[in-house]
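Take a look at the letters that make up each chain.
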Amino acid sequence: MRRGVIDVGSNTARLVVADTDGAVPLPVHTAKRALRLAEHVDRGGHVPEEQVDRIVDAVAAARAEGLRWGVTEPFAFATAIVRDAPNRAEVLRTVTARTGLPLHVLPGEVEAELTFLAARRWMGWRAGPLAMLDIGGGSLEVAFGRSKLPDFALSLPLGAGRLTREFFGNQDDPPAPRKVKELRRYVRHQMRDAAARIRWEAPRTTAATSRTFQQLARLCGAPPGRFGPFTPRGLARADLRTALDELARRSSAERAELPGISAARARQSLAGAVVAHTVMKLTGIDELTVCPWGLREGILLRCIEDGDTDWWRRTTSAEPAPPAGLASYADVLPALRTTVPEQARLHSNGRTTQRS
């Protein structure tokens, strides 16, 4: 049978239609529509009414296109930019009422679990102990595991769009070097405990999903997307360090002239590079593999494996209220600290701070 997923993100709304009769979701059609929500939310994360209208139009158009491809009930979900919005409930009600299709949000940790599932399926068992990184517009998902599901998964407020608004705002373009340093310090602080856990686990392979990593890899010399998803693509930390300096010197318009950097994501590409490089440095990851599968494929895989959509209904119906500020991160710190001995964390810090 055919299933569809509608993904409402910070920059675009994407439709993926796939045949799911076998063990692998085989894509038959994809489409996207520009939203650029990240450019219009206020500093508090509130989604304005006119942007809600844009979400409604995008979901309605994606649903109509899905019907033409044989999908009667696609799964529509929104990521962190809607999940963390103060008016989230109003946004979800409005979209559902005006399109007839429920728009859901998942807890960030569940997004991380589903993305890890997709990365594991793509990378295969030979990848061994696997770490997964996913930089979105509103959040960074991190996971590690030795089997098909992660041993730990969490979501941090380190999305490229969010950090661009909070640290660079409407200031100079390019931003002042001190603002870039402030952002790097913030990322280090947020990632400290999670990075210690990953260093302690010592993954054999690290998979990076998301458009941010794809564009950074292309900037650093990876083959272009037209070569297809089966072409190997990697990202080395040393190359990213050089690219980060280049992005920091350029304005948003000048970044869009670089290989792999689209005009729509040029402004947030610097923050994305800061997050990616800082995370790789803190975790001791010298090189990672860019994985073409992500959250959307994870949802389709879960549907295939469960044979129904009950998992989706259980997850969304039991979803907790959105965290205030950084509460979601604070909630996972005790678990991380009980898992990672303090001496291991300090030892790992000393080992990685000397590396570029």
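The rules behind these values
In every chain, residue numbers begin from 1 and rise along the written sequence. Totals for whole chains, interfaces and linings use all residues, but because this is a predicted model, local features are given only for residues with pLDDT of at least 70 and pairs of side-chain atoms are given and counted only at 80 or more. To get the side-chain values, take all heavy atoms of the structure and skip hydrogens and water. By definition here, a salt bridge exists when the distance from a side-chain nitrogen of Lys or Arg to a carboxyl oxygen of Asp or Glu is within 4 Å. The secondary structure listing takes helices from DSSP runs of H or I that are at least 4 residues long and strands from runs of E that are at least 2 residues long, numbered from the N terminus. Put simply, a nonpolar core is a bunch of buried Ala, Val, Leu, Ile, Met, Phe, Trp, Tyr and Cys residues held in one set by side-chain atoms that sit within 4.5 Å of each other. Residue exposure (1.4 Å probe, protein chains only): buried if accessible area is under 20% of the type maximum, exposed if over 50%, otherwise partly exposed. Contacts: residue pairs with any heavy atoms within 4.5 Å of one another.

Draft legend 1. Spotlight on the pattern of salt bridges. The final tally for this structure, using the stated rule, is 20 salt bridges. Here Arg2 makes a salt bridge to Asp19, at a shortest N to O gap of 2.9 Å. Taken together, the positions of Arg2 in strand β1 (residues 2-8) and Asp19 in strand β2 (residues 12-19) put the pair 17 residues apart, joining distant regions of the chain. Overlapping salt bridges bring together Arg83, Asp84, Glu111 and Arg162 as one network.

Draft legend 2. Summary view of the nonpolar core. Core analysis: the biggest nonpolar cluster contains 48 residues, and Leu140, Leu163, Met191 and Leu288 have the highest contact counts within it. Per element, the largest residue contribution to this core is 10 residues, and it comes from helix α10 (residues 266-283). When near neighbours in sequence (up to four residues on either side) are disregarded, Leu163 contacts Pro157, Leu158, Phe168, Leu183, Tyr186, Val187, Ala271 and Val275. Within the second largest apolar cluster, 28 residues are counted, among which are Ile6, Ala38, Ala62 and Val95.

Draft legend 3. Up close: the environment of Gln268. Relative to the assigned elements, Gln268 resides in helix α10. Through-space distance from the C-alpha of Gln268 to that of Gly159 is 9.3 Å; in sequence the pair is 109 residues apart. Once residues within four sequence positions are removed from consideration, Gln268 is found in contact with Asn11, Ala160, Gly161, Thr164 and Thr212.

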